[in-house]
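# Commentary on secondary and tertiary structure
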Amino acid sequence: MFIVKPLPFVTTFVEGINEAIEAHTPGFGLSRIQRAWLSFCIMAVLVTNSVCWAKFERASIGSYSLAALSWMFRHSKIDWEQLLHRSVKGILQQYGITQGYLVLDDTDKKRSKSTQQIPYVHKLKDKASGGFIQGQCIVFLVLVTPKITVPVGFSFYMPDPELSAWYREDKKLKQQGVSPKQRPPKPVKKDAYPTKQEISLGLLAQFRSGYPTIKVKCVNADSLYGTEEFLDEASELFDQTQVISQLRSNQKVRFRNRELSVEEYFSNHPGTPQKVSIRGGEEITAIVGSARLYVCAHHKKRFVIALKYEGEEEYRYLVAKDLTWRTIDIVQAHTLRWLVEVFIEDWKSHEGWGTLTQQTGEEGSRRSLILSLLVDHCLLLHPEQLTRIENNLPAYTVGSLTDHIKVDCLFDFIWDLLSCDDPKEKLTLLTDTLKEQVFTLNPSKKHMINRNLGHLEPTPAL
């Protein structure tokens, strides 16, 4: 697919970000060249589904060179964090968003085993195979509103290598029966390697300071964030708002001065069938039980809910900070957590960062990821998407929108070719350019032409 020029909605999106930056800090907006480069890159990500300068060069039919694109990415004085912040603000203003729900989740990006120059790469558990892979882990903060779901922040996670090595060695010594006194002491955790809970609280604090007018009605996260510190600190950040997470089945609770696991409690106090609305839409029947219980690890009373959907054999256990909410409201708020997984799937499948993203160094990873998120924001301002949402109609999927954009690019290219003075001459020039500069023929090492393979036959003297 070829790009003659960025589509108008992409140019309008970039111009809007520039105007917002100029209004906030006069004189620090994007230059004309920076705006043109950023518009082209967003368009190229949509068309090629990658962040790859070689693919961008081919898509531009040689108008942009690989070296020039890479140089702008590395050396142009663009405030990338400001780009993302102003983009989010522009979308919230466009749709008149004043309140919403914040959802946290993390996802992994598989990398090569021998990766040396890409940061934050560490050993990860591969859910598909059950083994281990090398990759990056990104924590996302997504704002869910009555109209749109939009990513508003992210951070890379990297475990402390010294602590990781200690855990491995300690586990090995424990299996060998070595006593705790004879095992090496646990090293002190370094501030340079924050945990996922610390990263998430930092993202929430950034959202609070960056978008103070947005009322956060609830913070939603999975079981990794079901700790006392996370629930209390996240709630305090947003004026004691509700925070919902999950508990493990063996988590201890206190009931009538007796400690037992949350699984044991709900086996003695089973739930009842209730109608649950899934994300404000389809109604299903689920088995729901609830109680306000003292959670031992949290040192205080929490709202604990046992939830089992149709077809499931085991309960999942939700925990909520605010005891004044109804059970059904907590259950229905928890269903919104699925939307962050939908965003991650769309982002990986259609917005470039899930395939070719080999930019090295910390700035390479952060900037390419921001560029990918700008693509997600830009799609929310596509004219057809904008019309659907403003008229309270279901929004289009990311996949169908990107397919639609590729068709528009194709017809732009055809119309540009037909509208020139001499289409035949331009087509000949285009063919020569593609063959010589873009789709060049490369020598193969598979065939043994002009290679000296030596004396590969029996030797009479032997």
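Preceding this section is the structure that the text describes.
Conventions used here
Residues numbered from 1 in each chain as written. Predicted model: local features only at pLDDT ≥ 70, side-chain atom pairs only at ≥ 80, totals over all residues. Heavy atoms only, no water. Salt bridge = Lys/Arg side-chain N within 4 Å of Asp/Glu carboxyl O. Helix = DSSP H or I, 4+ residues; strand = E, 2+ residues; numbered from the N terminus. Buried < 20%, exposed > 50% of the residue type's maximum accessible area, 1.4 Å probe, protein only. Phe/Tyr/Trp six-rings, centres within 6.5 Å; stacked < 30°, edge-to-face > 60°. Core = buried A, V, L, I, M, F, W, Y, C linked by side-chain atoms within 4.5 Å. Contact = heavy atoms within 4.5 Å. Pairing = 2+ DSSP bridges.

This brings us to the pattern of salt bridges. Opposite charge on two side chains permits pairing when their charged atoms draw close. For the coordinates displayed, the defined rule picks out 16 salt bridges. Its salt-bridge partner being E15, residue R35 comes within 3.1 Å of it at the nearest N-O pair. A residue pair is termed long-range when its members are at least 10 positions apart, and R35 in helix α2 (residues 32-48) and E15 in helix α1 (residues 8-24) qualify at 20 residues. By relative accessible area, which is 28% here, E15 ends up partly exposed. Close ionic contact of E162 with K190 constitutes a salt bridge, the shortest N to O distance being 2.5 Å. Of the two residues, E162 is situated in helix α6 (residues 161-175) and K190 in the loop between α6 and α7 (196-210); the sequence distance between them amounts to 28 residues. Given the relative accessible area of 43%, E162 is considered partly exposed.

All told, the structure shown has 21 aromatic pairs when counted by the stated rule. Between F40 and F56, the ring centres sit 6.3 Å apart and the planes meet at 90 degrees, which makes this aromatic pair edge-to-face. Residue F40 is found in helix α2, and its partner F56 is found in helix α3 (residues 53-59); the two are separated by 16 residues along the sequence. Given the relative accessible area of 2%, F40 is considered buried. What makes F56 buried here is its relative accessible area of 0%. Aromatic side chains W53 and F56 sit 5.4 Å apart centroid to centroid with 80 degrees between the ring planes, which places their arrangement in the edge-to-face category. Note that W53 and F56 are positioned in helix α3 at a spacing of three residues, about one turn of the helix. You'll find W53 and F56 in the same group, each marked buried. What links up through ring pairs into an aromatic cluster is the set W37, F40, W53, F56, Y64, F73 and W80.

On to the nonpolar core. By size, the foremost hydrophobic cluster in this structure holds 106 residues, and its most contacted members are W37, I42, L102, L204, F207 and F230. Among the elements that line this core, the one with the most residues is α2, at 10 residues. Ignoring any residue separated from it by four or fewer positions in sequence, one finds I42 in contact with V10, F13, V14, L371, L374, V375 and C378. Counting 17 residues, the second-largest nonpolar core is a separate cluster that includes I244, A320, I328 and V331.

Our next topic: the pairing of strand β3 (residues 132-144). Summarising burial for β3: 11 of the 13 residues are buried, a large majority. Bridge count between strand β1 (residues 99-110) and β3: 10 bridges; the pairing is antiparallel. Paired with K109 across the bridge in β3 is Q136. Two strands pair when backbone bridges link them, and strand β2 (residues 122-125) and β3 are joined in this way by four bridges, in the antiparallel orientation. For K125, the partnering residue across the bridge sits in β3 and is F132. For β3 and strand β4 (residues 149-157), the ladder comprises eight bridges, and the chain directions are antiparallel. Within β4, the residue paired with L141 across the bridge is G153. Counted between consecutive antiparallel strands, the loop separating β3 from β4 contains four residues.

In short, shape yes, function no, at least from these values alone.
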